[in-house]
Amino acid sequence: MPGSQPSPMLSPILVRSNFPACLRSARHSHFIYDHYLPSHSPVMDRFKNKIMGGLQKTMSSIEREFDSLTGTRKQLASGSDFASARLVEPIYSPRILPSFPHATDLLGAWFVLERWIAEAPYREAHDPGQSDLDVAKGSNAKQILEQHWDTWITEPDWEYLASKGINTVRIPIGYYHLCGADPSVLEKTHFKDMHSTALRYGIGVLLDLHAAPGKQNHDSHGGTSKEPEFFNSSRHRDHTIHVLLTLIRLLNNAYPNVVGIELLNEPAPPSDTLLKDWYSEATKAISALDPTIPLYLGECWQTDNYAEYIKSVQGHTPNMLVLDHHLYRCFTGQDIQTSAHDHAGALRDPNNGIVQTLRRVGNSLVVGEWSAALNPGSIKFDNDVEHRVFANAQLELFERTCAGWFFWTYKKGEGWDNGWSFRDVELSEVLPAWLGGLRGRIPVDGADQHRRDAQRAQSQAAHSAWWDQHPGQYNHERFGQGFAIGWDDSYAFFRSVPLGAPAPEIGFKTEWARRRSGDGYWEFEHGFNQGVAAAREDYAQHYC
């Protein structure tokens, strides 16, 4: 997320895109936070109450969806030659299923503050007055923070998000919010209430560790206004793994709408090797404790580089690994000189670098932050119209190529902003009023099977004819297996929700296909992707 507006740190956007992953914090702030916000203080308890309470609020509806899906799965396993014996339970984890692809919003400045988003909490902050630590060191910190936490996101906000089709939120937190964490403190508290609120509205939660011990970049949203020391000290990196494990123990596998944990937000390492080594160490430690929770990894605006890293380690890691890219077009000198229409045109150009990158790796990637924001220099004629053209070009690209997206940010405390504030963007019709994808009737079990078989035969014939022109060892039957499973899995998703609800869809198709195939065979994956696409088109045509 932008650290201030504008932030030179976000200039290296270059040609990439991807999805959520976050964490950061400061070297000396651990002692200071423990001093100002002790582990068993009312401030910490209220924080825990709010986080878990909001996370809890989506739960029962998702559980019902999964009960429905489980029943469908059993039918598929017993009634389909292609689906049987290939059901891989981990990929059907409640944390994964209902939230992909993400149509999502970022609840920025709720717990990890940013002054350009929410000014009020800084009114008595200690100099320089830019970070959580500055607020905690200022006057009346307890009262100010509790008032902000209680009012920034409330029940009507969850209702509003659900009404727009938002199915996941990303909640940035700091490591200091977890001090003294003990699962028993959640019982009969608002922390659990927040969980149930999100769950009640069918909203998943990505917990984004936004502030890590030592602070991993130069921005004040790392929890402190001090310089970063995360990559200079193995103690900070080791402590961050301890923090992540503490968070997972706190969750205790009890919240199916927690769709994942983001490890580091916008890390700024001195070398990629150092960050990749830390990622490997962290994912190994986490998988030993919880091998099912998806993990989101930031890629330092080097999408292909880190996509190759994930590809190299995913086969040895039980947790699904997701690449996170943040995409903005309002900070660099080139951004400022480019009009809104030219920005939009570049995003629709199939030869554009970012478009090609997303087409290559988008099935394993989410755009963890994006916005409709433009530099004033890019606005030539009509503010709302040009923001709309730019925002919809992004949305179309992400929907076509990625596993999901998170809009930054949900709202701002003061003033009108139809670039950064999702609430204002919606009011000005910069984005469509509904962002939740397909909605339709519940298909009758088995009614789609004859259409599946006809399309599978046609697609497999075309696939075989193409590849038989090129000498090689093939197993075209695996293409047909993949097609049928991709279709059946998609319809299992469509049937998993009540009538009129947004139809969940498979987002991370590459990883899903790899686990469903059992061996990652390429022809199976090709067939699977075509089956998913064909099923979506069929559902839209016959049931929406």
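Keep in mind the model is a prediction, meaning the values are calculated, not measured.

Novice: Describe in detail the overall build of the protein chain, supporting the description with residues and values.
Specialist: Looking only at helices and strands, the protein chain features 19 helices and eight strands. In the protein chain, which comprises 544 residues, the proportion classed as buried is 60%. Considering only contacts within the protein chain whose residues lie at least 6 apart along the sequence, 82% involve residues at least 24 apart. Surface summary for the protein chain: the accessible area is close to 20300 Å², and the carbon and sulfur share equals 51%.

Novice: Could you give me a rundown of the pairing of strand β7 (residues 365-370), with the residues and numbers involved?
Specialist: With six of its six residues buried, β7 lies for the most part within the structure. Relative to β7, strand β6 (residues 321-327) runs parallel, the two sharing five bridges. Each bridged residue has a counterpart across the sheet, and for His325 the counterpart in β7 is Val367. Pairing between β7 and strand β8 (residues 404-407): two bridges, direction parallel. Residue Val367 lies in a different strand from β8, and its bridge partner there is Trp405. The parallel pair β7 and β8, bridged by helix α14 (residues 383-401), forms a crossover whose chirality is right-handed.

Novice: How would you sum up the environment of Trp416? Please name residues and give values.
Specialist: Note that Trp416 resides in the loop between β8 and α15 (422-427). On the basis of relative accessibility, which here comes to 52%, the residue Trp416 falls in the exposed class. Those residues in contact with Trp416 that sit more than four places away from it in its chain are Asp424, Leu427 and Ser428.

Cut-offs and rules
- Per chain, the residues get numbers from 1 upward, laid out in the order the sequence is written.
- Restriction of local features to residues with pLDDT of at least 70 applies here, the model being predicted, together with a cutoff of 80 or more for giving and counting side-chain atom pairs; totals for whole chains, interfaces and linings are based on all residues.
- Excluding hydrogens and water, the side-chain values take into account all heavy atoms of the structure.
- Strands are runs of DSSP state E lasting at least 2 residues, helices are runs of H or I lasting at least 4, and numbering of each runs from the N terminus.
- Think of it in three bands: residues with accessible area under 20% of the maximum for their type are buried, residues over 50% are exposed, and the middle band is partly exposed, with areas taken using a 1.4 Å probe on protein chains only.
- We call two residues contacting when some pair of their heavy atoms lies within 4.5 Å.
- Values of accessible area rely on a 1.4 Å probe in the Shrake-Rupley scheme; residue burial ignores everything except the protein chains shown.
- A strand pair is defined by DSSP finding two or more bridges across the two strands.
- Here is how to tell: hold the view so the strands point away, follow the path from the first strand over the helix to the second, and if it runs clockwise the crossover is right-handed.

The values reported here are purely geometric and, on their own, carry no functional implication.
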